Amino acid sequence: GWVPLFQEQLMQMAIAIGDCTPDEADLLRRAMGSKRGLERIETLREKLFAGMARHGITGAEADAIYVRIQSFAELRLRREPRPELRAARCTRARGSSCTTRRRSAPRCWRNQPMGFYSPQSLVGDARRHGVETRRPDVTRSQVHADLEPLDGPAGECAPTGLASCVQREQPPVPRFDRGADHRLDDHRRDGRLAIRLGLTDVQGIGAEAAQRVVDARAERPFRDLPDVARRAGLTPAQMEALATAGAFDAFGISRRQAIWAAGHTDAPDLLEGTAVASPPPTLPGMSAVEETVADLWATSISPGGHPLEHLRPLLDREGVRSVGSLAGDRDSAGSGSPGWSRTG
């Protein structure tokens, strides 16, 4: 399988760029899946960074390599025999609170592929817990997924929820009561934050191209699509991918118009002001289904909702129930009631 292959590659990488001895590299291999794997990896942290620095790997690049090693070590699920224990362990690793979900989701997307949960699964989990995920935007997105205020500039994003939630000493957790009020809004310290997908989440947009977009935007705001293409040095294919993802919505044109304009963008090596930007034709807007298909093609993520939501009316007419509607039918589901379906 891929796990032994990854472990072997990790050992070779630790020796080649981390200046680790074979014994130290084997320690990294054995740390994968170990209950104390993160602690063992931490003992080699300074040596790994020193070795990478000697090979010219420093800063964000070195941090990214180390974070990927940590992320893989956290996935101890293969050693867990029961699915419910795997889920519980992963929940603890990712954080049981919505605050932690909100803050850990961008990190998870940066470290794909994780092997267990796709970005779409992470977005779905965030949505079920009231965390908004926003599409890529050339006027706001960073290189990777990050957090942004729901409304207003970042400086005005004051904490939400109860101040007592940050106290170290907390009262004991009471026994679970299904009928109790389990809303978590009062406990969210970051309730005014949303997740903004990064530019690298768009198909065909690598870290270098995304960084060029962010750097050009920092110099001065973009005017239109040709301005983005010229100053960031993007190809027509990259512009079309961004347009399909809805990354140009801030310019006040529809997604179809953005795709048309992206395909007619002049070469990025033209002098500023010499490009002829003809207005896009009047094109019909995308339907909700078409937008979902476009999102999935461009980013493999549908921020607005699960794709099957478009088929829910049809499934309801066919008697296929949703998972949410089965919460109160535990007995009938267990007895194989004809009103229950696994495909809900």
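Draft legend 1. Spatial organisation of the sheet that holds strand β1 (residues 133-134). Taken together, the three strands give an open sheet; going across it, the order is β1-β3-β2, and neighbouring strands pair in mixed fashion. With one partner strand each, in any of the chains shown, β1 and β2 (146-149) form the two edges of the open sheet.

Draft legend 2. Broad picture of the packing of aromatic side chains. Within this structure, the stated rule accounts for two aromatic pairs. Seen in terms of ring centroids, F248 and F251 are 6.0 Å apart; in terms of plane orientation they differ by 15°. Their pairing is stacked. On the accessibility criterion, F248 (0% relative accessible area) is buried. The ring of Y66 has R45 sitting right over it, with the charged end atom 5.3 Å from the ring centre.

Draft legend 3. Examining the side chain of S141 more closely. Relative to the elements of secondary structure, S141 occurs in the loop between β1 and β2. Contact partners of S141, with chain neighbours within four places excluded, come to R135, P136, R196, L197, G198, L199, V214 and R217.

Draft legend 4. Expanded view of helix α10 (residues 225-232). Taking burial as the measure, the eight residues of α10 include six buried ones, the bulk of the element. Buried within α10 we find L225, D227, V228, A229, R231 and A232. At its buried positions, α10 is contacted by α9 (207-219), α11 (236-244) and α12 (255-263). Directly after α10, the chain includes G233, whose backbone phi takes a positive value near 65°.

Draft legend 5. Spatial organisation of a nonpolar patch on the surface. Together, L308, L311 and L314 line one region of the surface with nonpolar side chains, adding up to about 250 Å² of accessible area. Within the secondary structure layout, L314 lies in helix α14 (residues 312-317).

Draft legend 6. How the structure looks around the confidence of the model for the protein. Per-residue confidence for the protein averages 77 on the pLDDT scale, and 70% of its residues sit at or above 70. Confidence scores differ between elements of the protein, with helix α6 (residues 83-94) showing the lowest mean pLDDT of 39 and α9 the highest of 95. Contacts of residues 76-98 to residues separated by more than four positions or lying in other chains number 31 contacts, the stretch itself having pLDDT below 50. This stretch, residues 332-344, has a pLDDT under 50; its non-local contacts, to residues over four places away or in other chains, come to twelve contacts.

Draft legend 7. Inspection of the environment of G59 at higher detail. Note on placement: G59 falls in helix α5 (residues 59-74). Assessed through its relative accessible area of 44%, G59 is described here as partly exposed.

Draft legend 8. Just the nonpolar core, in detail. With 27 residues, the main nonpolar core has L199, I205, L225, L234, M239, L242 and F248 as its most contacted residues. Counting only elements with at least two residues in this core, the list comes to α9, α10, α11 and α12. The greatest single-element share of this core, amounting to five residues, is contributed by α9. With sequence-adjacent residues up to four places away left out, L225 is seen in contact with M239, F248, F251, I253, A258, A261 and A262. Counting residues in hydrophobic clusters, the runner-up holds 18 residues, among them A25, F49, I65 and I69.

Draft legend 9. Structural detail: the pattern of salt bridges. Under the criterion given, the structure shown has 13 salt bridges. For E148, the salt bridge is made with R140, and the minimal N-O distance between the two is 3.7 Å. Exposure remark for R140: the relative accessible area of 38% places this residue in the partly exposed category.

Draft legend 10. Representation of helix α4 (residues 45-54) in the model. Listing the buried residues of α4 in full gives L48, F49, G51 and M52. Looking down the long axis of α4, one finds its buried residues gathered within 165° of arc, a one-sided arrangement. Structural note: α4 exposes E46 and R54 on the side pointing more than 90 degrees away from its buried face. Positive backbone phi, at 80°, marks G56, one or two positions downstream of α4.

Draft legend 11. Representation of the pairing of strand β3 (residues 193-196) in the model. Taking every second residue as pointing to the same face, both faces of β3 are buried, with L193 and I195 on one and A194 and R196 on the other. In this structure, β1 lies alongside β3, joined through two bridges in parallel fashion. When the bridges of β3 are listed, T133 appears paired with I195. Here β2 pairs with β3 via four bridges, running antiparallel.

Draft legend 12. Fine view of the environment of F222. Inspection of the secondary structure puts F222 in the loop between α9 and α10. For F222, a relative accessible area of 10% translates into the label buried. The spatial distance from the C-alpha of F222 to the C-alpha of V138 is 8.4 Å, given a sequence separation of 84 residues. In contact with F222, other than residues within four places in its own chain, are V138, V213, A216, R217, D227, V228, R231 and F251.

Draft legend 13. Main features of unusual backbone geometry. Located in the positive-phi region is D19, a residue other than glycine, with phi close to 55°. A positive phi angle, close to 65°, is found at S300, a residue other than glycine. Along the chain, the position of S300 falls in the loop between α13 (288-299) and α14. On the accessibility criterion, S300 (49% relative accessible area) is partly exposed.

Criteria and thresholds
- Residues numbered from 1 in each chain as written.
- Predicted model: local features only at pLDDT ≥ 70, side-chain atom pairs only at ≥ 80, totals over all residues.
- Heavy atoms only, no water.
- Pairing = 2+ DSSP bridges.
- Helix = DSSP H or I, 4+ residues; strand = E, 2+ residues; numbered from the N terminus.
- Phe/Tyr/Trp six-rings, centres within 6.5 Å; stacked < 30°, edge-to-face > 60°.
- Buried < 20%, exposed > 50% of the residue type's maximum accessible area, 1.4 Å probe, protein only.
- Lys NZ or Arg CZ within 6 Å of the ring centre and 35° of its normal.
- Contact = heavy atoms within 4.5 Å.
- Patch = residues over 30% accessible without salt bridge, like charges linked within 9 Å, V, L, I, M, F, W, Y side chains within 5 Å.
- Areas by Shrake-Rupley, 256 points an atom, 1.4 Å probe, with all protein chains shown as cover.
- Salt bridge = Lys/Arg side-chain N within 4 Å of Asp/Glu carboxyl O.
- pLDDT = per-residue confidence, 0-100.
- Core = buried A, V, L, I, M, F, W, Y, C linked by side-chain atoms within 4.5 Å.
- Arc of directions from axis to C-beta.

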